[in-house]
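# Examination of the molecular architecture
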Amino acid sequence: MATVAARVPVTLRVNGAEYPLYLEPRRTLLDALRHDLSLTGTKKVCDMGNCGACTVIVDGQAMYSCLLLAVDQEGREVRTIEGLSSDGQLDPVQQAFIQEDAFQCGFCTPGQIMSLRALLDDNPQPDEDEIVRAVTGNLCRCGAYRNIIEAGKVAVRLQSDTRTQKGA
């Protein structure tokens with residue numbers, strides 16, 4: 001006879017909205033995002049913290065959502081790829097990926113973008129070494145690394161231009 005795992009109440013704050021859920025304590029943030037909240041932009045690939053496709057931003061830090069328990073994220077701010085665009089405008093990192101053709105199959109792209117977004121949130125003017133370091137934990141099986149690094153550099157410029165236009 002199979003036993004049903006106990007569920008606990010958890011309120012996740014994702015992309016600025018709060019979601020009250022009942023989750024098994026062992027459920028990963030990745031699975032909660034994809035299955036309970038239908039936020040499928042965060043990709044499930046290795047499910048072991050090796051590839052970075054599931055990268056999200058938690059309290060300003062890029063993290064692998066497959067290694068985080070959802071119940072441990074209560075009270076923390078989680079940001080996914082779905083939460084990057086604003087007022088119908090792509091985030092500068094998203095725009096840079098399109099401009100620089102920094103993806104082929106696109107499966108690693110959300111994780112790459114989230115890693116770069118976390119970097120730019122922390123350091124608006126990173127150098128190339130910092131950009132490379134930011135995406136080091138994200139594997140691209142298609143080998144688009146050169147374009148990903150270029151997209152990072154373009155994102156720095158686009159973000160700077162956006163801030164200048166807004167008077168920031």
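What counts, and at which threshold
Residues numbered from 1 in each chain as written. Predicted model: local features only at pLDDT ≥ 70, side-chain atom pairs only at ≥ 80, totals over all residues. Heavy atoms only, no water. Salt bridge = Lys/Arg side-chain N within 4 Å of Asp/Glu carboxyl O. Helix = DSSP H or I, 4+ residues; strand = E, 2+ residues; numbered from the N terminus. Buried < 20%, exposed > 50% of the residue type's maximum accessible area, 1.4 Å probe, protein only. Contact = heavy atoms within 4.5 Å. Pairing = 2+ DSSP bridges. Axes fitted to C-alpha atoms, helices over the stretch in contact; angles between N-to-C directions. Core = buried A, V, L, I, M, F, W, Y, C linked by side-chain atoms within 4.5 Å. Polar contact = N/O pair within 3.5 Å; in protein donor to acceptor, adjacent residues only side chain to side chain. 1 Å grid on protein atoms, 1.4 Å probe; cavity = no way out; pocket = protein on both sides within 12 Å on 5 of 7 lines; lining within 4 Å. Points joined across faces, edges and corners; volume = space filled by probe spheres on them. Nonpolar A, V, L, I, M, F, W, Y, C, P; charged D, E, K, R; others polar.

## Topic: the pattern of salt bridges
Inspection of every chain in the model, using the stated rule, returns twelve salt bridges. A salt bridge links lysine 153 to glutamate 150; the nearest nitrogen and oxygen atoms lie 2.8 Å apart. With lysine 153 and glutamate 150 both in helix H5 (residues 145-166), this residue pair falls three residues apart, about one helical turn. Among the residues examined, glutamate 150 registers a relative accessible area of 30% and is labelled partly exposed. Salt bridges sharing partners connect three or more residues here, namely Arg79, Asp91, Arg117 and Asp121.

## Some details on the environment of proline 20
Position of proline 20 among the secondary structure elements: in strand E2 (residues 17-23). With a relative accessible area of 66%, proline 20 lands in the exposed category. Once the C-alpha coordinates of proline 20 and glutamate 74 are considered, the two residues, 54 residues apart in sequence, prove to be 9.9 Å apart. Setting aside chain neighbours within four positions, we find proline 20 in contact with Val10 and Thr11.

## Overview of the sheet that holds strand E3 (residues 55-58)
With mixed pairing, the five strands of this open sheet are ordered in space as E2-E1-E5-E3-E4. Strands with a single pairing partner mark the edges of an open sheet, and in this sheet they are E2 and strand E4 (61-64). Strand-to-strand twist across the sheet, computed as the mean angle between neighbouring axes with direction ignored, equals 40°. Looking at chain direction, E3 and strand E5 (residues 77-79) are connected through two bridges and run antiparallel. When the bridges of E5 are listed, isoleucine 57 appears paired with arginine 79. Along the sheet, helix H3 (residues 109-122) makes contact with E3, E4 and E5, crossing E3 at roughly 30°.

## As for the nonpolar core
Among the nonpolar cores identified, the biggest contains 24 residues, and Val93, Phe97, Ile113, Leu116, Ile131 and Ile148 are the most heavily contacted of them. Every element with two or more residues in this core is listed here: helix H2 (92-99), H3, helix H4 (128-135) and H5. Core analysis: the next-biggest nonpolar cluster, separate from the first, contains 15 residues, Leu12, Leu21, Leu39 and Ala70 among them.

## So, H2
Pro92, Val93, Gln94, Ala96 and Phe97 are the residues of H2 that are buried. Of the residues flanking the start of H2, the one acting as N-cap is aspartate 91, its side-chain oxygen 2.8 Å from the backbone nitrogen of valine 93.

## As for the layout of surface pockets
Reported here for the second largest pocket is a volume of approximately 170 Å³. Every residue along the wall of the second largest pocket is listed here: Gly60, Gln61, Ala62, Ser115, Ala118, Leu119, Asp122 and Ala134. Elements with a contribution of two residues or more to the lining of the second largest pocket: E4 and H3. In terms of residue count, the dominant contributor to the lining of the second largest pocket is H3 (four residues). Classifying every residue of the lining of the second largest pocket by side-chain character gives four nonpolar, three polar and one charged.

As far as function goes, none of this settles anything; it's purely spatial.
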